[in-house]
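Understanding the architecture of this molecule
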Amino acid sequence: MIALEKVTKRYGRQTVVDDVSITFGGEGVTALIGPNGAGKSTLFGLVGRLLQPDAGRISVDGMDVGSTPSSELAKVLAVLRQDNHIAARLTVHDLVEFGRFPHSRGRLTVHDRRHIEDAIGYLELGPYRDRFLDELSGGQRQRAFVAMVLAQDTRYVLLDEPLNNLDLRHMTEIMRLVRRTADELGKRVVIVLHDINFAASYADRIVAMRGGVVVADAPAREVMRPDVLAAVYDTPVDVREIDGRPVALYYG
Amino acid sequence: MGVLIGALLVGLAVTGLFVGVSDVTPGSVAAGGADGDAAFLLVASRIPRTVAAILVGASLGIAGLIMQMLVRNKFVEPGTTGVSEFATLGMLATMVFLPGLAVVGKMGVAAVFGLFGTWVFLRVIRVVPVRQLVLVPLVGIMLGGVVGAVTTFFAYRLDLLQSLGQWSQGSFATVMQGRYEFLWIAGLMVGVAWFAADRFSVIGLGEEFATNLGLDHRRVVAVGMVVVAVITAAVLVTAGMIPFLGLVVPNIISLLIGDNVRRAIPWVAGLGAVFVLACDLIARVVRFPYEIPLSVIVGIVGAALFLWLLLRRRSRAH
């Protein structure tokens, strides 16, 4: 379990994450939603030890994030941030291989190689494995990053807006894959999403943040209500049932 | 391609052994025997010079590669980040305050100054937008210019300009047995870089990726800084400043096989050695029997290659 206890993060005088206590990891897929500036990415940064909290305690499977060696945490927790920009010319295979670094420390075993092959196969990147990242389309590159995170083979996977800049087909592909990794590989995925309909279709649980606090935390269906969503996003949202699934209409 | 670089390396190294004012050929060495003049020259001057050229080329290429990984910018090397200038300032400091210091001491002081220079550069570029590809080395060159001006000012006032020039002008003319061995320390740094290659690759992905993969970002950066500073200082005290190499060689290899450091290191080292051997050979034969400074040849060849890389990059809309 990823457990946050009374976690606070401030930038200057602005409190971005305000006394948040929550646990993740009971469900396969948890969607984290909320307007821009709600503190979602900051929360990920704190859990992924990329940022230090000003107050509170974060633990992953009982290991304190602040004091456990980073190399140990890297074996149970993987975080993919948004807007990844890699200047180095690396191939897809190189990138996925680096996902094994927490286990291999650079010396790949047969076991490591199998994980690399599995991740490449899972993301259907076989044909592109020797291509350089700067020669790929946005969707392929995003899949390569996800493959790297999968190769890391951690129980917990945090994905920060992995659907950014993807077209409809690739968005759906990534979400299906997220669902599969949870169902087939037993991973616990927490994913920041802007499209609440994707959250509703693929997540078991939706956590909504606003102004640095958690304002809703419930099974997907319970969060997909006009009153709840309108309060989260501060804009009218209609919710209709289509083929038994709640669909949010927010196109005005 | 590996065969090509290997063949060039061996070919240039062997040719270099037998090019010079004194007549040293396989025949004359054989005729004179182990105690002959030709054999003496070979052991005391030609072999050290060749080994020095190989070590300088290989290690400067690696210094550039590591620096580019640390900064995540393709246009940095010790010469475009102020590191070389800081190391030179260190040299001047030893001339003023510790004139009797052995060369290894001079190198140590230069390395410490170089290390400080890397640190200053890394601090300064924190405020520069990292995606401004050309701005980062530009800031480094300006930093180097300021430090270089300070060095020149004091060297001028203290009447040390000439001896400083002798140290810092890139040339292998003074390399002899007993005066190049510090370069093995630079060679050792290449070994360190090779050993930690994967860590430098991961650092090249950025701090967030590195942290996620459980790497201590600061520690790897610190090791990289030491590698860069020691190589810069060792080359400075033995062969002087050799511009562009650390920039051009890793970039060519990056185009050919990419930036995975473990894969790139042997190529960068090999091509760097070929580059210096070739330039040194040209420097020795252009005005035969006189020599022109190696740094002049390296500057001309390196600048041309650098321009080509820049223009090529633009044509690919980067």
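A short tour of the structure in this document, coming up. The model shown is predicted, which means the values in this text are computed figures rather than measured ones. (Residues numbered from 1 in each chain as written. Chains lettered and ligands numbered in written order. Predicted model: local features only at pLDDT ≥ 70, side-chain atom pairs only at ≥ 80, totals over all residues.)

What chain A contains, in helices and strands, is 10 helices and 12 strands. What you see for chain A is a C-alpha radius of gyration of 18 Å, in line with the 18 Å of a compact globule of 252 residues. Looking at chain A residue by residue over its 252 residues, the buried ones come to 46%. The long-range share in chain A, meaning contacts at least 24 apart out of those at least 6 apart in sequence, stands at 64%. (Helix = DSSP H or I, 4+ residues; strand = E, 2+ residues; numbered from the N terminus. Rg over C-alpha atoms; globule rule 2.2 N^0.38 Å. Buried ≥ 20, exposed ≤ 12 C-beta atoms within 10 Å, placed from the backbone. Contact = placed C-beta atoms within 7 Å.)

On the chain B side, the residues contacting the 22 residues of chain A number 17 residues. Looking at the side of chain A that touches chain B, the elements with two or more residues in it are α2 (70–73), β6 (77–80), α3 (92–98) and α4 (101–104) of chain A. Class assignment for the residues of the side of chain A that touches chain B results in 13 nonpolar, 5 polar and 4 charged. (Nonpolar A, V, L, I, M, F, W, Y, C, P; charged D, E, K, R; others polar.)

Attention now goes to unusual backbone geometry. With an omega of 5 degrees, the peptide bond between B:F288 and B:P289 qualifies as cis. Structurally, B:P289 is set in the loop between α13 (261–285) and α14 (294–315). In this model, A:E161 sits at a positive phi of 45 degrees, which is unusual for a non-glycine residue. Inspection of the secondary structure puts A:E161 in the loop between β7 (156–160) and α7 (168–184). Its identity as a non-glycine residue notwithstanding, A:D243 has a phi of 50 degrees, on the positive side. Secondary-structure assignment places A:D243 in the loop between β11 (238–242) and β12 (245–249).

Residues and elements named next belong to chain B. With 13 residues, helix α12 (residues 245–257) extends 18 Å between its outermost C-alpha atoms, agreeing within 8% with the 18 Å of an ideal straight helix rising 1.5 Å per residue. Within α12, the full set of buried residues consists of L245, G246, L247, V248, V249, P250, N251, I253 and S254. Just past α12, the residue G258 takes up positive phi, approximately 95 degrees. (Expected span 1.5 Å × (residues − 1).)

Turning next to the pairing of strand β9 (residues 205–210) of chain A. Residues and elements named next belong to chain A. Where burial is concerned, most of β9 is hidden: 5 out of the 6 residues are buried. In the sheet, strand β3 (residues 29–33) pairs with β9 via 4 bridges, with the strands oriented parallel. Bridging from a neighbouring strand, I33 pairs with A208 of β9. Relative to strand β10 (residues 213–219), β9 runs antiparallel, the two sharing 6 bridges. Looking at β10, one finds that A208 is bridged to A216. (Pairing = 2+ DSSP bridges.)

Turning to the packing of helix α1 (residues 2–17) of chain B against helix α3 (residues 37–71) of chain B, a few remarks are in order. Residues and elements named next belong to chain B. Packing of α1 against α3 brings their axes to within 9 Å, and their N-to-C directions diverge by 150 degrees. By the angle between their directions, the pair α1 and α3 is classed as roughly antiparallel. In this structure, the crossing between α1 and α3 has a hand that is right-handed. The residues of α3 that touch α1, namely those facing A13, G16 and L17, are L42, R46, I47, T50 and I54. Grouping the constituent residues of the contact of α1 with α3 by class yields 5 nonpolar, 2 polar and 1 charged. (Axes fitted to C-alpha atoms, helices over the stretch in contact; angles between N-to-C directions. Parallel < 35°, antiparallel > 145°, perpendicular 65-115°, else oblique. Left-handed = near helix turned anticlockwise from the far one by under 90°.)

Let us look at the pairing of strand β4 (residues 55–60) of chain A. All names here are of chain A. Two elements, strand β1 (residues 2–11) and β4, share 5 bridges in a ladder whose sense is antiparallel. When the bridges of β4 are listed, T8 appears paired with A55. As defined by bridge partners, β4 adjoins strand β5 (residues 63–64) across 2 bridges and the pair is classed as antiparallel. By the bridge assignment for β5, V60 is matched with M63. Between β4 and the antiparallel strand that follows it, β5, lie 2 residues; D61 among them carries a positive phi value of about 50 degrees.

This paragraph deals with the nonpolar core. Ranked by internal contacts, the top residues of the largest apolar core, which has 177 residues, are A:A147, B:I62, B:I66 and B:I231. With near-sequence residues (within four places) excluded, A:A147 lies in contact with A:V96, A:A119, A:I120, A:Y122, A:L123 and A:L125. By size, the runner-up hydrophobic cluster in this structure holds 5 residues, among which are B:V24, B:V29, B:A38 and B:L42. (Core = buried A, V, L, I, M, F, W, Y, C linked by C-beta atoms within 7 Å.)

This part takes up the sheet that holds β3(A). All names here are of chain A. Strand order in this open sheet of 6 strands is β6-β7-β8-β3-β9-β10, and the pairing throughout is mixed. With one partner strand each, in any of the chains shown, β6 and β10 form the two edges of the open sheet. Geometrically, the sheet is characterised by an average inter-axis angle of 15 degrees between neighbouring strands, direction not taken into account. Here β3 runs beside strand β8 (residues 188–192); their pairing, made up of 4 bridges, is parallel.

As a further point, take the packing of helix α4 (residues 83–97) of chain B against helix α6 (residues 135–157) of chain B. Residues and elements named next belong to chain B. Interaxial distance between α4 and α6 falls to 8 Å at its minimum, and their mutual angle equals 20 degrees. It follows from the interaxial angle that α4 and α6 lie roughly parallel. In the crossing of α4 with α6, the sense of the turn from one axis to the other is left-handed. In this structure, α4 uses S84, E85, F86, T88, L89 and L92 to contact α6, whose residues at the interface are G144, V147, G148, V150, T151, F154 and A155.

Purely spatial values, then, with no claim about function.
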